[in-house]
Amino acid sequence: MTEILDALLEPLSYGFAQRSLLALILVGFLSAVVGSFMVVRGLAFFGDALAHAVLPGVAVAYTTGGNLFVGGLGAGILAALTIVFMTRDRKVKEDTAIGIVFVTMFALGIAIISIRPSYGLDLAHILFGSISGIDDTDLTYMVLLGGLVLLSILVFYKQLIIVCFDPELGQVLRLPVAFLRALLLVLVAVTIVLSLRAVGLALMLALLLTPAATARLLTKRMSHMVWLAGLLGCAGGVMGFYLSWWTNVPPGSAIVLELSAVFGLVYAGRALRQRRRRTGPGVPSMPGR
Amino acid sequence: MTRSNNAPETPALMVRELGAGYPWAPRTIDQLNFTLCCGECVALVGPNGAGKTTLLKSIAGLIPIDTGEVLVHGIDCRHREVQVGFIPQRNAVDQNFPVTAHDVVMMGLARGNSWLPWWPGMVRQRALELLELFQLGEIAHQAFGELSAGQQQRILIARALAQESDILLLDEPFSGVDVAAAAEITSALETLREQGITMLMATHDMVRAARDFDRLLLLRETVVADGPPEEVLRPDLLHQAYGDSASVLPLKDGVLHVANPREHAGLHDD
């Protein structure tokens, strides 16, 4: 027992590990909560696209020594609002607009970052994260901006639910539907930028979608789904941290693999339960068969 | 616009020279005129593309009005305070969304209650009462997507009633439902009628429209005919609305049937 406790506490004697764990818990919760709205609204492609679309902002910050959060956030919000603008009169379909904006911005990001001599290393940090490099300033950004995202969701919770479930009802009720749609995309953009250091662009989508998709399998109500996803995201962050510490697997990969394993188990369990329910142990067989 | 106790002869809905359509498509309805009195129930019939849904959505504020006006109890329907209940086809809402029947009805009560992350007790209670009104109390906490078509459509009706509007617009509520579900929806419409709700219902079901409604509006871009079923479902008017593809057949029990002329032989054989 003491050995297990020691193994759990040992990483926490290092300052960088404490910051990493705190950051993973925070982004795990935040991403899963925001991801719940993405899952029910069918925004998986948008999330993936936005994760890549922040690259030019991050690349500019990297090459000029600026702040990664500010750079990424600027590019993310610009991409989100460009998509909203392009699809405002439905002449361009949402997935088409997302595809165009995503590829253009990603290409721009690659072009900017390729100017630097340490091109490969920088790109690896952006794509796969560098959680151990998180400092107090990064953590402060995460707490403040993450808090703002959660507060926005709390304030607009019911309106977001209505607009995601039935946008026409939102219009009939005279809710600010266009604003709410843009708000959701901006909140996704902020969350992606905040989670960038933890898992990187390439694996970001799993943090947003997997806990939410797991929670969706376990509950029938959105409010329960949001909380459950948040808890699964937190747990994923903690377990991923320790898995990474003990096995030397990069934290981003460890978290994603752990979250996917939980999803797989829940999915299999649910399928098994449904199968049992369908066949039913007490169903008599047809005579003569 | 909250529910009012207007006299039956008072106009609830006035449509004047209405022209509307989706911004990215040619105008679907034009020069449309009619008036609905308080408590009146009218069926909106016409071929596909005649503008039935466009008319309902433009009254509900879902499609911009290009020309003319729609007055709800004398006030322009675009006014922020005006509320008209719109009941979409059940397939128009997300069937996989994690909400219960109770949650869906509470959404209709969001106006004025939308700035708190939770639903106040009064709203919860009112939503339950509305579910009870349509005999849905027992399934209040079941997932919306797991319910039958009839139950889903009745939940959407309860949600529209929750908006406290005395005018409801129904977009083909009988579309894609079986006989049992249709009976449930008919019973829900009867409840609305008893509540004195003014109804405008788009439908393709001429038999039901002729049987259950005292007044029909035959539409094809504009109003082709407006009046009791026997005056509207005339061969010449139906020809004007549907072209050569339909005609009216009087059946033994006096119910009208609109069909493609090619189907006539089969029907007469019965």
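Note that this is a predicted model, so its numbers are computed, not measured. (Residues numbered from 1 in each chain as written. Chains lettered and ligands numbered in written order. Predicted model: local features only at pLDDT ≥ 70, side-chain atom pairs only at ≥ 80, totals over all residues. Heavy atoms only, no water.)

Looking only at helices and strands, one finds 13 helices and zero strands in chain A. Taken from the N to the C terminus, the helices and strands of chain A come in the order α-α-α-α-α-α-α-α-α-α-α-α-α. Whereas a compact globule of 289 residues would reach a radius of gyration of roughly 19 Å, chain A reaches 21 Å, a difference of no more than 12%. Dimensions along the principal axes, computed over C-alpha positions, put chain A at roughly 80 × 60 × 35 Å. The proportion of buried residues among the 289 residues of chain A is 48%. Considering only contacts in chain A between residues 6 or more positions apart, those separated by 24 or more positions represent 75%. With the model as given, the accessible surface of chain A reaches about 13500 Å², and the carbon-plus-sulfur share is 69%. (Helix = DSSP H or I, 4+ residues; strand = E, 2+ residues; numbered from the N terminus. Rg over C-alpha atoms; globule rule 2.2 N^0.38 Å. Buried < 20%, exposed > 50% of the residue type's maximum accessible area, 1.4 Å probe, protein only. Contact = heavy atoms within 4.5 Å. Areas by Shrake-Rupley, 256 points an atom, 1.4 Å probe, with all protein chains shown as cover.)

Moving on, we get to the packing of helix 3 (residues 44-53) of chain A against helix 6 (residues 94-113) of chain A. Residues and elements named next belong to chain A. The geometry of helix 3 relative to helix 6 is characterised by a closest axis approach of 8 Å and an angle of 20 degrees between their N-to-C directions. On the basis of their axis angle, the class for helix 3 and helix 6 is roughly parallel. Our pair here, helix 3 against helix 6, has a crossing hand that is left-handed. In contact with Phe-45, Phe-46, Ala-49, His-52 and Ala-53 of helix 3, helix 6 contributes Asp-95, Ile-98, Gly-99, Phe-102, Met-105 and Phe-106. When its residues are assigned to classes, the contact of helix 3 with helix 6 shows eight nonpolar, two polar and one charged. (Axes fitted to C-alpha atoms, helices over the stretch in contact; angles between N-to-C directions. Parallel < 35°, antiparallel > 145°, perpendicular 65-115°, else oblique. Left-handed = near helix turned anticlockwise from the far one by under 90°. Nonpolar A, V, L, I, M, F, W, Y, C, P; charged D, E, K, R; others polar.)

With that out of the way, let us pick up the pattern of salt bridges. Side chains bearing opposite charge may pair, as long as their charged atoms lie close to each other. Residue and element names in this part refer to chain B. Enumeration according to the criterion identifies 17 salt bridges over all chains in this entry. One salt bridge in this structure joins Glu-40 and Arg-215, with 3.0 Å as the shortest N-O distance. Of this pair, Glu-40 sits in the loop between strand 2 (29-37) and strand 3 (41-45) while Arg-215 is found in strand 9 (residues 215-220), placing the two residues 175 residues apart along the sequence. On the basis of relative accessibility, which here comes to 21%, the residue Glu-40 falls in the partly exposed class. Judged by its relative accessible area of 12%, Arg-215 falls in the buried class. Residue Asp-76 pairs with Arg-78 through a salt bridge whose shortest N-O separation is 3.1 Å. (Salt bridge = Lys/Arg side-chain N within 4 Å of Asp/Glu carboxyl O.)

Further remarks concern the state of the cysteines. Residues and elements named next belong to chain B. One pass over the structure, following the stated rule, counts zero disulfides over all chains. The closest cysteine sulfur to the non-disulfide-bonded Cys-41 is located on Cys-38, 12 Å from its own sulfur. A relative accessible area of 7% places Cys-41 in the buried class. (Disulfide = S-S within 2.5 Å.)

On to the nonpolar core, then. By size, the foremost hydrophobic cluster in this structure holds 148 residues, and its most contacted members are Phe-37 of chain A together with Ile-155 and Leu-218 of chain B. The leading source of residues in this core is helix 11 (residues 177-218) of chain A, at 23 residues. Ignoring any residue separated from it by four or fewer positions in sequence, one finds Phe-37 of chain A in contact with Ile-153, Tyr-157, Leu-160, Ile-161, Cys-164, Leu-184, Met-222 and Val-226 of chain A. Cys-38, Val-42, Leu-55 and Val-82 of chain B belong to the second-largest nonpolar core, a separate cluster that totals 31 residues. (Core = buried A, V, L, I, M, F, W, Y, C linked by side-chain atoms within 4.5 Å.)

Residue and element names in this part refer to chain B. If you walk across this open sheet you meet the four strands as 2-1-4-5, and the pairing is antiparallel. Edge positions in the sheet fall to strand 2 and strand 5 (75-76), since each has one partner strand and no second. In this structure, strand 4 (residues 65-72) lies alongside strand 5, joined through two bridges in antiparallel fashion. Bridge assignment links Val-72 to a residue of strand 5, and that residue is Ile-75. (Pairing = 2+ DSSP bridges.)

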